[in-house]
Amino acid sequence: MVILNLTVFTALLVLLYFLFSRSQKLGRTVFIGLLLGLASGAFLQFFYEKSVIDATLDWVNLVGNGYVRLLHMIVMPLVFISILSAITRINQASSLGKISFSVLSVLLITTAIAAAIGIAMVYLFDLSAEGLVAGERELAAQAKVDGRAEQVNALSLPAMLLSFIPKNPFAELTGANPTSIISVVIFSALLGVAALSLGKEDKALGERIAQGVETLNKLVMRLVRFVIRLTPYGVFALMIKMAATSKWADIVNLGSFIVASYLAILLMFIVHGILLFFFKINPLAYYKKVLPTLSFAFTSRSSAATLPLNIETQTNKLGNNSVIANFSATFGATIGQNGCAGIYPAMLAVMVAPTVGIDPFSLQYIFTLILVVAISSFGIAGVGGGATFAAIVVLSSLNLPLALVGLLISIEPLIDMGRTALNVNGAMVAGTISNKVLKVKEE
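Residues numbered from 1 in each chain as written. Predicted model: local features only at pLDDT ≥ 70, side-chain atom pairs only at ≥ 80, totals over all residues. Heavy atoms only, no water.

With an unreviewed UniProt entry as reference, the protein is termed L-cystine transporter tcyP, source organism Frederiksenia canicola. Word for word, the UniProt comment on the protein under Subcellular location (unreviewed entry) is "Membrane". (UniProt positions renumbered as here; feature names shortened; annotations may be inferred.)

Structure representation (structure tokens):
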């Protein structure tokens, strides 16, 4: 049976290759791969026992996880060299401050809006933490959550900010710390500013540095394009794993929370579209261009792995300045995540509050919660771990119990797919709006 399954899997990979070769339309092929993966995974779960599914997925994961590893491989080199290259081409180093402020402002404002939408969904669906029963798996997850909570409580704001500053850039390039991406951004930005300073003192030397950096940038970008062309096959394999391993009974039991979460995510996508329209950017044209990137973010559940696709989409499809694209993509992968650090912790905080005698819909609590979520979304980069850490930070800041974080572990992967897509879209929206407002020019 396993051999038969793998034969069909290989045949479908060949079909995707044929479709992409004929059309050369990445977005359409990615979407087809997503649908084929969903159908194939559901078929595996419905017709085969667990041992056959596991043996099949061992080989399917070679394609899916292999693609994700390739993307992780190019993240740090891409962030470092593309930011360095972009900065050596901008007119003024002072533009960096404006870019950072604009990108972070959009990210934090949209995260606050996401929190408000999350609160509204809990009210609309009348969700509560009361009555949820913890099974063996949920209790094990809760023990893990309690251990992570200690790490969060030990992290102060000054310590988090200090962790952004690179101590050993070579270690940061290996991704040694949760804040490595931001540290690499800071190091490459400082190196770029130094290059601009040298160029002012010695124009010939500055040109040689810029040419060398640009040559290396083209080499890395060519590697990025090679990997990105593998996206349909990676999405296909990742979707098979998701559909084959999802526990449909858990999904049904917590259906209201899932529906409320996805409705909040959908509304936030609409808010992003409204913001783009406000800045005279066509939302429909925008979403058509970013769909392949959002599809991969949805299936991979990794903002960091989506970084290369994010940057490539912003620069080549949306026409954003390369500095803005890199800053928004890297900051958006760790700061101001609309889904993981906005909607999710806000919903949990409202659901838990009544268990300790707090009215979650009082104006004072709502405003406090939105403020805490917005500020905490900046600090999530200091601990890593996505939505789980975001929820722990917010609940701990409000002195609320953490039990619900562990109780929802069974449906976490399903919701995390939508949250990750929203996080990535928030980063691209921040970059697109900043590009429209600042109009930073490259030489």
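Describe the packing of helix H3 (residues 50–87) against helix H8 (residues 180–201), and please don't skip the residues or the numbers.
For any two helices packed against each other, one specifies the crossing angle of their axes together with the interaxial distance. For the pair H3 and H8, the least separation of the axes is 8 Å and the interaxial angle reads 30°. The angle between H3 and H8 places the two elements in the roughly parallel class. Relative to H8, the crossing made by H3 is right-handed. Two secondary-structure elements touch here, H3 through Met 76, Val 79, Phe 80, Ile 83, Leu 84 and Ile 87 and H8 through Ser 180, Ile 181, Val 184, Val 185, Phe 187, Ser 188, Ala 189, Leu 191, Gly 192, Val 193 and Leu 196. (Axes fitted to C-alpha atoms, helices over the stretch in contact; angles between N-to-C directions. Helix = DSSP H or I, 4+ residues; strand = E, 2+ residues; numbered from the N terminus. Parallel < 35°, antiparallel > 145°, perpendicular 65-115°, else oblique. Left-handed = near helix turned anticlockwise from the far one by under 90°. Contact = heavy atoms within 4.5 Å.)

Explain the nonpolar core residue by residue, including any values.
By size, the foremost hydrophobic cluster in this structure holds 126 residues, and its most contacted members are Phe 296, Phe 327, Phe 331 and Leu 369. It is H3 that contributes the most residues to this core, 18 residues altogether. (Core = buried A, V, L, I, M, F, W, Y, C linked by side-chain atoms within 4.5 Å. Buried < 20%, exposed > 50% of the residue type's maximum accessible area, 1.4 Å probe, protein only.)

How would you explain the environment of Pro 169 if you had to name every residue and give the values?
Within the secondary structure, Pro 169 is located in helix H7 (residues 169–173). Measuring from C-alpha to C-alpha, the distance between Pro 169 and Ile 186 comes to 9.7 Å, with 17 residues separating the pair along the chain.

Could you give an account of a nonpolar patch on the surface, naming the residues involved and the relevant values?
A cluster of nonpolar side chains, Leu 70, Met 73, Leu 223, Phe 226 and Leu 230, forms an exposed patch at the surface whose accessible area comes to about 430 Å². Elements that contribute at least two residues to the nonpolar patch include exactly H3 and helix H9 (203–228). You can call Phe 226 exposed: its relative accessible area is 52%. (Patch = residues over 30% accessible without salt bridge, like charges linked within 9 Å, V, L, I, M, F, W, Y side chains within 5 Å. Areas by Shrake-Rupley, 256 points an atom, 1.4 Å probe, with all protein chains shown as cover. Salt bridge = Lys/Arg side-chain N within 4 Å of Asp/Glu carboxyl O.)

Explain unusual backbone geometry to me, and be specific about the residues and the numbers.
Not every positive phi belongs to a glycine, and Asp 126 is a case in point at roughly 55°. Looking at the element boundaries, Asp 126 is found in the loop between helix H4 (95–125) and helix H5 (136–153). The class for Asp 126 is exposed, based on a relative accessible area of 66%. The residue Arg 301 is not glycine, and still its phi comes out positive at about 55°. With respect to the helices, strands and loops of the structure, Arg 301 is situated in the loop between helix H13 (283–300) and helix H14 (307–317). Among the residues examined, Arg 301 registers a relative accessible area of 37% and is labelled partly exposed.

Describe the side chain of Gln 337, naming the residues involved and giving the relevant values.
Looking at the secondary structure, you find Gln 337 in the loop between helix H15 (322–332) and helix H16 (339–352). Other than its neighbours up to four places away in sequence, Gln 337 contacts Thr 111, Ser 303, Gly 332, Gly 342 and Asn 423.

I'd like a rundown of the packing of H4 against H16, residues and numbers included.
The interhelical angle for the contact between H4 and H16, taken along N-to-C directions, is 40°, at an axis separation of 7 Å. Relative to H16, H4 is oriented oblique. Relative to H16, H4 is oriented so that their crossing is right-handed. In contact with Thr 111, Ala 114, Ala 115, Gly 118, Ile 119 and Val 122 of H4, H16 contributes Ala 341, Gly 342, Ile 343, Ala 346, Met 347, Val 350 and Met 351.

Pulling in residues and values, what's your account of the packing of aromatic side chains?
Under the counting rule described, the total for this entry stands at 11 aromatic pairs. With centroids separated by 4.8 Å and ring planes inclined at 80°, the aromatic side chains of Phe 46 and Phe 47 adopt a geometry described as edge-to-face. Across the pair, Phe 47 and Phe 46 agree in class, each one exposed. Ring centres 5.9 Å apart and planes at 15° place the aromatic pair Phe 80 and Phe 187 in the stacked group. In this pair, Phe 80 sits in helix H3 while Phe 187 sits in helix H8, placing the two residues 107 residues apart along the sequence. Taken together, the ring pairs connect Phe 43, Phe 46, Phe 47 and Tyr 48 into an aromatic cluster. Over the ring of Tyr 344 we find Arg 419, and its NZ or CZ is 4.3 Å from the ring centre. (Phe/Tyr/Trp six-rings, centres within 6.5 Å; stacked < 30°, edge-to-face > 60°. Lys NZ or Arg CZ within 6 Å of the ring centre and 35° of its normal.)

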